[in-house]
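Inside the fold
If you want the building blocks of each chain, they are given just below.
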Amino acid sequence: MRFVTEYRDAEAARRTAAALARLTTRPWTIMEVCGGQTHAILKFGVDQLLPPGLTLIHGPGCPVCVTPVELIDKATEIAARPEVIFCSFGDMLRVPGTSIDLFSVKASGGDVRIVYSPLDAVTIARDTPGRQVVFFAVGFETTAPANAMAVYQAERLGLGNFSVLVAHVLVPPAMEAILQAPDNRVQGFLAAGHVCTVMGTTEYEPIARRYRVPIVVTGFEPLDILQGIHACVRQLEEGRAEVENRYARSVRREGNRQAQSLIRQVFRIVPRRWRGVGEIPASGLGLTEAYAAFDAEARFGIAGSRPEAPSECISGEILRGVKKPLECPAFGTRCTPERPLGATMVSSEGACAAYYRYRRAAPSLRSN
Ligand code: SF4
């Protein structure tokens, strides 16, 4: 339990919160980028320990939440084919597309399987040569190395029946898009420790400089987050805007070079549409020319994008930090985890799901 209990120490959290209160002289707004951090903040009540005027807003760091409707539609279209075994992480099955989700396809007889690793899908392809096996490659930089490894392995094994539907997104371009938006409120960021474990911290340095915004890399336990907020507020109060690593037990400035090399070998940077946000240039990963044969969109002839259908779901504004889940009129009534209208209510890292689980009985917090 080392590295869990010591980062959940209530007395240490109270001391850090007291130091934060002494440090804070004016209102600040900080965005935690990662959905895992959002859940920890709500679960442990970190936001309730903050001094008045210090506001946390929740960012777009939930890969399930930002996968656009058009890609869910492509997934359901491919998964419904009789020759296909469609493999996905469990979270994706209940994300609504335009009319159906992957669970509906499964209920109608489609061969949709939950896997815990993309390499499981490679194994299924190897053991089932008569069927087409498609893996739904969703995620940020954290899952990109494993997904790249799956494609690399499939190529080495000569598997002609394996392909990936790629929905990878990248964190730094999304942060820049948030900072460039006219309604931006973010003055400092908490960056996600697991993403930086893979990618390092250097790509955040130009963002901190260009937008004069502190970026503090931190972890996922309550004390990690409080210490990250403290470091971010210290920079804001002192007029500094630097990249600061407060997750040194996992993150190095250069990141994991082997993982980065594998990502570069298999994937290239492409524009990507984000659910509720729209297209962000150079914010996604697609397959390189050398691995283009593993592209499920091309293999099944469904390339091309479709417009996002209008919806009462305001998850786009939530993912940009403009609104909070409790401001959505559908929250907890027309939209619940059992009957979600948007991906932020589906995912275990989604902000709406976090508020539903930890805060729906606390109307006094609605103005926070
Ligand atoms: S509560 Fe539901 S409808 Fe409202 S923003 Fe969240 S996911 Fe969308």
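Refer to the structure presented above.
Residues numbered from 1 in each chain as written. Predicted model: local features only at pLDDT ≥ 70, side-chain atom pairs only at ≥ 80, totals over all residues. Heavy atoms only, no water.

**Re the sheet that holds strand β7 (residues 188-192)**
Backbone-to-backbone hydrogen bonds join strands into a sheet, with any given pair of strands oriented parallel or antiparallel. Taken in spatial order, the five strands of this open sheet run β2-β1-β7-β8-β9, and their pairing is parallel. With one partner strand each, in any of the chains shown, β2 (54-61) and β9 (243-245) form the two edges of the open sheet. Shown here is a sheet whose adjacent strand axes are inclined to one another by a mean of 25 degrees, direction ignored. With six bridges joining them, strand β1 (residues 28-34) and β2 adopt parallel strand pairing. Counterpart to Cys 34 in the pairing with β2 is Gly 61. Contacts from helix α8 (residues 171-180) reach β1, β2, β7 and β8 (215-218), with the element oriented near 150 degrees to β1. (Pairing = 2+ DSSP bridges. Helix = DSSP H or I, 4+ residues; strand = E, 2+ residues; numbered from the N terminus. Axes fitted to C-alpha atoms, helices over the stretch in contact; angles between N-to-C directions. Contact = heavy atoms within 4.5 Å.)

**Some details on the site of the ligand**
Around the ligand sit Cys 313, Ile 314, Ser 315, Ile 318, Cys 328, Phe 331, Cys 335, Leu 341, Gly 342, Thr 344, Met 345 and Cys 352, and those are all the residues in its vicinity. Of the pockets mapped on this structure, the ligand occupies the largest cavity. Those elements that provide at least two residues to the shell around the ligand are α14 (315-319) and α15 (343-346). Its residues placed into classes, the shell around the ligand shows nine nonpolar, three polar and no charged. (Near = heavy atom within 4 Å. 1 Å grid on protein atoms, 1.4 Å probe; cavity = no way out; pocket = protein on both sides within 12 Å on 5 of 7 lines; lining within 4 Å. Sits in = over half its atoms within 2 Å of the grid points. Nonpolar A, V, L, I, M, F, W, Y, C, P; charged D, E, K, R; others polar.)

**Remarks on the pattern of salt bridges**
Per the counting criterion, the structure on display carries 17 salt bridges. Put simply, Glu 221 and Arg 8 hold a salt bridge, and the shortest N to O gap is 2.6 Å. Residue Glu 221 is found in the loop between β8 and α11 (222-238), and its partner Arg 8 is found in the segment before α1 (10-23); the two are separated by 213 residues along the sequence. For Glu 221, a relative accessible area of 13% puts it in the buried group. In this structure, the salt-bridge partner of Glu 312 is Arg 334, at a minimum N-O distance of 2.9 Å. Taken together, the residues Glu 312 in the loop between α13 (296-299) and α14 and Arg 334 in the loop between α14 and α15 connect sequence positions 22 residues apart. Salt bridges sharing common partners tie together Arg 234, Glu 238, Arg 240 and Glu 242. (Salt bridge = Lys/Arg side-chain N within 4 Å of Asp/Glu carboxyl O. Buried < 20%, exposed > 50% of the residue type's maximum accessible area, 1.4 Å probe, protein only.)

**As for empty space enclosed by the protein**
A full pass over the atoms with the stated rule returns three cavities of 30 Å³ or more. By volume, the largest cavity is sized at about 80 Å³. Cys 313, Cys 328, Cys 335, Thr 344 and Cys 352 are the residues nearest the centre of the largest cavity, which is lined by 13 residues in total. Those elements that provide at least two residues to the lining of the largest cavity are α14 and α15. In terms of residue class, the lining of the largest cavity is built from 10 nonpolar, three polar and no charged. (Points joined across faces, edges and corners; volume = space filled by probe spheres on them.)

**A few points about the environment of Phe 162**
Mapped onto the fold, Phe 162 is located in strand β6 (residues 162-169). Residues Phe 162 and Ala 79, spaced 83 residues apart in sequence, show a C-alpha to C-alpha distance of 13 Å. Not counting residues within four places of it along the chain, the set of residues in contact with Phe 162 comprises Ala 121, Val 122, Ala 125, Gln 132, Val 133, Phe 135, Ala 150, Val 151, Ala 154, Phe 294 and Arg 299.

**Some points on the side chain of Thr 67**
Among the secondary structure elements, Thr 67 is positioned in the loop between α3 (63-66) and α4 (69-79). A distance of 2.8 Å separates a polar atom in the side chain of Thr 67 from the backbone oxygen of Pro 63. Apart from the residues within four sequence positions on either side, Thr 67 is in contact with Ile 72, Met 92, Phe 136, Val 138, Ala 167 and Arg 275. (Polar contact = N/O pair within 3.5 Å; in protein donor to acceptor, adjacent residues only side chain to side chain.)

**Comments concerning the environment of Gly 110**
Residue position: Gly 110 is located in the loop between α5 (102-107) and β4 (111-114). Its relative accessible area of 17% is what places Gly 110 among the buried residues. Gly 110 sits 211 residues away from Gly 321 along the chain, and the two C-alpha atoms are 37 Å apart. The residues contacting Gly 110, other than those within four sequence positions of it, are Ala 79 and Val 105.

**With respect to the packing of helix α6 (residues 118-127) against helix α7 (residues 144-156)**
Geometry of a packed helix pair, given as the angle between the helix axes and the separation of the axes. Orientation of α6 relative to α7, taken along the N-to-C sense of each, is 20 degrees, at an axis distance of 8 Å. Regarding the angle of α6 to α7, the classification is roughly parallel. Crossing handedness for the pair α6 and α7: right-handed. Residues Pro 118, Leu 119 and Val 122 of α6 form the contact with α7, whose participating residues are Ala 146, Asn 147, Met 149, Ala 150, Gln 153 and Ala 154. In the contact of α6 with α7, the residues fall into seven nonpolar, two polar and no charged. (Parallel < 35°, antiparallel > 145°, perpendicular 65-115°, else oblique. Left-handed = near helix turned anticlockwise from the far one by under 90°.)

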